[in-house]
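Letter by letter, the chains look like this.
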Amino acid sequence: ALLSGAMGKLQSKISFHPAKYRADGSVEETGRVRAARQLSPVHTDAVAAVAALTPDLCVSGGRDKSVAVCRWRSGAVLQRFVGHQREVTKVTSARDSNRVFSASRDKTVMMWELHGTSGPSQRFPGHDLVVTGLAVSPDASQLCTGSRDNTVCKWDIESGECLSRAAISRNLVTHLCWVPGEPYVVQTSEDKTIRVWDSRQLQVAHAFPAQRHIQTSCDVSPDGRLCLSTSSGCAGEGGEATLWDLRQTRDRLREYKGHFQTTTSCVFLPRGPALAPSIATASHDCTVKVWERDTGGRG
């Protein structure tokens with residue numbers, strides 16, 4: 001989702017800047033700036049979701065109701081999938097497979113085959129309102145979805161059968177993220193709560209203390225030990241990201257404050273050999289900020 005704003009513009013840009021960006025907006029110059037490359041638009045309307053497919057490919061979906069697979073370096077569209085009746089809200093992919101999944105305001109989730117036809121290979125109907133959460137199990141056999149209808153559903157990917165359905169009052173789902181190597185799914189909600197679901201019985205295994213603001217998104221570290229969540233905000237109130245311990249104390253470890261409006265997405269960044277662990281957040285305040293994960297320092 002961090003790339004969605006850029007891909008939705010009529011003239012999308014990728015800028016390569018050797019400067020070191022700081023979360024307070026300042027820039028530490030370290031070299032000459034290269035000219036930005038102009039890329040053709042991938043979608044004809046705003047992009048709502050972007051996810052990595054391979055190191056060279058990404059998948060995106062948006063208001064034009066389509067799902068696109070493209071090479072992010074060149075902007076070349078390799079495949080476009082059409083089948084949703086309304087805006088695409090989430091996209092994801094199954095690890096080590098050619099399968100792509102999309103959720104939509106048309107209340108359905110669809111599965112697409114890379115290098116297959118332009119139509120869906122599987123449909124997952126059953127929600128009563130827009131689908132706002134989408135996560136694939138580590139073994140790519142099951143799918144977990146969430147909606148503004150207060151429900152979370154578990155699906156068999158091959159058959160399309162709904163295996164379990166759980167409802168919690170006021171649990172308007174905003175995002176889902178499967179914990180790597182585990183049967184657990186992390187979920188954020190408009191009721192300001194972050195829940196951890198055990199997918200085996202589709203029951204809540206843990207709920208973190210309610211936050212002050214709506215929780216808009218989440219991400220889980222590659223080792224499955226930590227979770228990030230983001231908050232709504234306005235005029236400098238709210239908009240923080242929060243780091244949680246998933247395995248031991250299950251406490252709130254740290255907050256990252258610096259955005260002035262709703263923080264819409266977050267991600268654990270790949271760690272380089274000489275770099276401190278870092279995270280990135282994106283916000284309606286038109287900024288993407290990079291933070292040192294363990295200190296909360298602005299990278």
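Only a predicted model underlies this, so the values are computations on that prediction, with no experimental measurement involved.

### With respect to the environment of Thr-145
Right, so step 1: By the element assignment, Thr-145 lies in strand E14 (residues 142-147).
Right, so step 2: Residue Thr-145 is classed as buried on the basis of its relative accessible area, which comes to 0%.
Right, so step 3: On a C-alpha basis, the gap between Thr-145 and Cys-177 in space is 9.9 Å, while along the polypeptide they are 32 residues apart.
Right, so step 4: Sequence-distant contacts of Thr-145, defined by excluding residues within four places in its chain, comprise Val-109, His-127, Val-131, Gly-133, Leu-134, Thr-151, Val-152, Cys-153, Trp-155 and Leu-176.
Right, so step 5: There is a polar contact of 2.8 Å between the side chain of Thr-145 and the side chain of His-127.

### Examining the UniProt feature "repeat: WD" (unreviewed entry) in the protein chain
Right, so step 1: Residues annotated in UniProt with the feature "repeat: WD" (unreviewed entry) correspond here to residues 81-114, 124-165 and 173-207.
Right, so step 2: Between the first and last C-alpha atoms of residues 81-114 the distance is 9 Å; the span itself is 0% helix and 59% strand.
Right, so step 3: The annotated region residues 173-207 carries 0% helix and 63% strand content, and the separation between its end C-alpha atoms amounts to 14 Å.

### Re the sheet that holds strand E11 (residues 108-113)
What links the strands of a sheet is backbone hydrogen bonding, and the strands pair in either a parallel or an antiparallel sense.
Right, so step 1: The 4 strands are arranged E9-E10-E11-E12 in an open sheet whose pairing can be described as antiparallel. Since the sheet does not close on itself, it has two edges, and those belong to strand E9 (88-93) and strand E12 (122-125), each with one partner. Put simply, the sheet's adjacent strands are angled 20 degrees from each other on average, direction ignored.
Right, so step 2: The sheet contact formed by E11 and E12 spans 4 bridges and is antiparallel. Bridge assignment links Met-111 to a residue of E12, and that residue is Gln-122.

### Regarding the confidence of the model for the protein chain
Right, so step 1: Looking at the protein chain, the pLDDT average stands at 88 and 88% of residues meet or exceed 70.
Right, so step 2: Across residues 3-31, confidence stays below pLDDT 50; counting only partners more than four residues off in sequence or on other chains, it has 60 contacts.

### Considerations on the packing of aromatic side chains
Right, so step 1: Counted under the stated rule, the structure contains 5 aromatic pairs.
Right, so step 2: Judged by centre distance (5.2 Å) and plane angle (25 degrees), the ring pair of Phe-81 and Trp-112 falls under stacked. With Phe-81 in strand E8 (residues 77-82) and Trp-112 in strand E11, this residue pair connects regions lying 31 residues apart in the sequence.
Right, so step 3: What makes Phe-81 buried here is its relative accessible area of 0%.
Right, so step 4: Residues Phe-208 and Trp-244 carry aromatic rings whose centres are separated by 4.6 Å and whose planes lie at 35 degrees to one another, so their mutual orientation is tilted. Placement of the pair is Phe-208 in the loop between strand E20 (203-207) and strand E21 (215-220) and Trp-244 in strand E25 (residues 241-245), with a sequence separation of 36 residues. Trp-244 matches Phe-208 in its accessibility class, with the two residues each being buried.
Right, so step 5: Connected via pairs of aromatic rings, a cluster forms that spans Phe-101, Phe-124 and Trp-155.

### Some thoughts on the sheet that holds strand E13 (residues 131-136)
Right, so step 1: Sheet architecture is open: 4 strands sit in the order E13-E14-E15-E16, paired in antiparallel fashion. Each edge of the open sheet carries a strand with a single partner, namely E13 and strand E16 (162-167). With strand direction ignored, the average angle separating the axes of adjacent strands in the sheet is 15 degrees.
Right, so step 2: Judged from the 5 bridges that link them, E13 and E14 form a sheet pairing that is antiparallel. The residue of E14 that forms the bridge with Leu-134 is Thr-145.

### Re the side chain of Thr-263
Right, so step 1: Relative to the helices and strands, Thr-263 is located in strand E27 (residues 263-268).
Right, so step 2: Classification of Thr-263 as buried rests on a relative accessible area of 0%.
Right, so step 3: Among all residues touching Thr-263, those that are not within four sequence positions of it are Thr-216, Thr-230, Ser-231, Gly-239, Glu-240, Thr-281, Ala-282 and Ser-283.

### Some remarks on the pattern of salt bridges
Right, so step 1: According to the stated counting rule, one finds 15 salt bridges in the structure shown.
Right, so step 2: Between Glu-87 and Arg-105 there is a salt bridge; the shortest N-O distance is 3.3 Å. Highlighted residues: Glu-87 in the loop between E8 and E9 and Arg-105 in the loop between strand E10 (99-104) and E11, separated in sequence by 18 residues.
Right, so step 3: Looking at Arg-105, the relative accessible area reads 36%, which means it is partly exposed.

Cut-offs and rules
Residues numbered from 1 in each chain as written. Predicted model: local features only at pLDDT ≥ 70, side-chain atom pairs only at ≥ 80, totals over all residues. Heavy atoms only, no water. Helix = DSSP H or I, 4+ residues; strand = E, 2+ residues; numbered from the N terminus. Buried < 20%, exposed > 50% of the residue type's maximum accessible area, 1.4 Å probe, protein only. Contact = heavy atoms within 4.5 Å. Polar contact = N/O pair within 3.5 Å; in protein donor to acceptor, adjacent residues only side chain to side chain. UniProt positions renumbered as here; feature names shortened; annotations may be inferred. Pairing = 2+ DSSP bridges. Axes fitted to C-alpha atoms, helices over the stretch in contact; angles between N-to-C directions. pLDDT = per-residue confidence, 0-100. Phe/Tyr/Trp six-rings, centres within 6.5 Å; stacked < 30°, edge-to-face > 60°. Salt bridge = Lys/Arg side-chain N within 4 Å of Asp/Glu carboxyl O.

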